[in-house]
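Residue-level structure breakdown
These are the residues of each chain, in order.
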Amino acid sequence: MCKYRGMNEFADLGLSAGVAEAFSALGLATPTKVQRLAIPRILAKRDIFLQSETGTGKTFAYLAPALSAAKGLSAARGPLILVVCPTQELAVQVAKQAERLVAASKLPMQAFAALGGSPLSRQESALKKKPHIVVGTPGRLGDLVAARVLKLDALEFLVLDEADRLFSSEYRESVEAILDAAPESCCAVLASATISAATRERAGAYMHEPEALALLDEGVLSRDIEHWVFYVEHRKRIDFIRRLENVLRPRKCLVFASSGDRVGRTAERLVERGLPADSIVSKQEKERRRVAIERLEKGSLRYLVTTDLGARGLDIQDISHVISIDVPEDGSWYVHRAGRTGRAGRKGVSIVLADAIELKRLAKIAVERDFVFRTKRLDSGEVVEPPVEEFFEYVEKGEAEKRAYRASARSGAGRPPSQAPDRAERRPGNSGRRR
Ligand code: AMP
């Protein structure tokens, strides 16, 4: 029992003493905003749409109340809690979080991850032991449900994590089969960074008066993340990252590109320039992705290039820098990217390389989401923050040079003028504000 009731903020949310104290045992003193909002509602078995980023504490926001309120522990006719995730990495992470919380709560519960790619026979024998918590990917869970190996009659909580992806055409059929098999009485939680109108409609058909809790961006943008933007033409971006490396030497850096095609090429070019880099994309073989993530975590790799989808749901600890080598179309994707850093009370920097068109898009994202991009330049081997007018003069000049470069390339006339080096453009007497 908590010695000072009222001093454990998790107990105040209505969690059982064991689960509330598990948070203290894990060194987590204060509930995050998403936990404050979601825990009481899930304890009351309300169906909810939980719009929240990875990294805001959303996994415990649904796991803690489910562990606390699950009743059928002794009967164990099948799982009491089922979490469906679109990727194996996310499923493994959620299962690990469940095991951590169960162990810290000292609950007599078992968690099991049912992943596609693992032998079915092994999963069948694991499921015969009736784990209380099952986490898995839709295809495999759907097959196990269809074969009646996984029986959902006792289910009390059904969570669809990264729900927007789960309702994409790729998974929808399996997810709907799982929803069909779940009992009417079970509490349904849909968690996702973005919840589209289509997902709301499709999932809503299976939910009872769902309440929408929207926390989009808050956890990410209020965290200790600085947003930096550099003006860099597309063709100079890889070299620019090389120069940034000399200045920043990121401990762990995720590099985002919008398309899968660009990811592999970018990683190759970074390696050619001597940077410890690799790439992951969502279609890659599981083992290849796992090895790359592990190398980043252990420090033998410092740059991991990926797409927005490739990184979705990944909770790689301790990312010091995020670099966007292009600007995503949708502001929420930018928030996703930036949210990979600045976790667990550490500072992080989200860096965007943009041209004039992308700068306009960024300005819109910043205004809509109420945060500030700091306009930066790399100058004589240092990151500086020149006055904004000077930054935009530099942009104008760069764009003029780009047009001249294209014109001369079209006419085939000699070597095109190159963009003047940063140092040459620095005005005398204006040293810029240092980082
Ligand atoms: P998420 O991906 O949103 O589930 O967040 C995951 C990270 O947040 C994990 O590293 C958790 O250990 C951490 N976390 C969860 N709850 C809290 C909390 N109340 N305070 C601080 N960190 C937390």
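Before reading on, note that the structure itself is shown above.
Residues numbered from 1 in each chain as written. Predicted model: local features only at pLDDT ≥ 70, side-chain atom pairs only at ≥ 80, totals over all residues. Heavy atoms only, no water.

1. Considering the overall build of the protein chain
- When its secondary structure is counted, the protein chain shows 19 helices and 16 strands.
- Across the 435 residues in the protein chain, those meeting the buried criterion constitute 53%.
- Of the accessible surface of the protein chain, which amounts to about 19,500 Å², a share of 51% is contributed by carbon and sulfur atoms. (Helix = DSSP H or I, 4+ residues; strand = E, 2+ residues; numbered from the N terminus. Buried < 20%, exposed > 50% of the residue type's maximum accessible area, 1.4 Å probe, protein only. Areas by Shrake-Rupley, 256 points an atom, 1.4 Å probe, with all protein chains shown as cover.)

2. Section: the site of the ligand
- Around the ligand lies a shell of 18 residues, among which Thr 30, Gln 35, Gly 55, Gly 57 and Thr 59 are the nearest.
- Here a nitrogen atom of the ligand sits 2.8 Å away from a polar atom, N or O, in the side chain of Gln 35.
- A distance of 2.9 Å is found between an oxygen atom of the ligand and a backbone nitrogen or oxygen belonging to Lys 58.
- When isolated, the ligand has an accessible area of 500 Å², and the protein chains bury 81% of it.
- Where the shell around the ligand is concerned, the elements lending two or more residues are helix H4 (58-69) and helix H5 (88-105).
- Here the element with the most residues in the shell around the ligand is H4; it accounts for 3 residues. (Near = heavy atom within 4 Å. Polar contact = N/O pair within 3.5 Å; in protein donor to acceptor, adjacent residues only side chain to side chain.)

3. Quick notes on the packing of aromatic side chains
- Inspection of every chain in the model, using the stated rule, returns 7 aromatic pairs.
- A centroid spacing of 5.9 Å and a plane angle of 85° characterise the contact between Tyr 231 and Tyr 394, whose relative ring orientation is edge-to-face. Linking Tyr 231 in strand S8 (residues 225-231) with Tyr 394 in helix H18 (residues 388-411), this pair joins segments that are 163 residues apart in sequence. For the residue pair Tyr 231 and Tyr 394, the accessibility class agrees, reading buried in each case.
- The rings of Phe 10, Phe 23 and Phe 60 are connected pair by pair, giving a single aromatic cluster.
- Positioned over the ring face of Tyr 405 is Arg 235, at 3.7 Å from the centre of the ring. (Phe/Tyr/Trp six-rings, centres within 6.5 Å; stacked < 30°, edge-to-face > 60°. Lys NZ or Arg CZ within 6 Å of the ring centre and 35° of its normal.)

4. Observations concerning the nonpolar core
- Ranked by internal contacts, the top residues of the largest apolar core, which has 46 residues, are Tyr 62, Ile 81 and Val 83.
- One finds Leu 144, Val 145, Leu 166 and Ala 182 within the second-largest nonpolar core, a separate group that totals 30 residues. (Core = buried A, V, L, I, M, F, W, Y, C linked by side-chain atoms within 4.5 Å.)

5. Points about the pairing of strand S4 (residues 133-136)
- Here S4 shows no split at all, with Ile 133 and Val 135 on one side and Val 134 and Gly 136 on the other all buried.
- Bridge count between strand S2 (residues 81-84) and S4: 4 bridges; the pairing is parallel. When the bridges of S4 are listed, Val 83 appears paired with Val 135.
- Handedness of the strand S3 (residues 111-114)-helix H6 (residues 120-128)-S4 crossover: right-handed. (Pairing = 2+ DSSP bridges. Right-handed = clockwise from strand over helix to strand, strands pointing away.)

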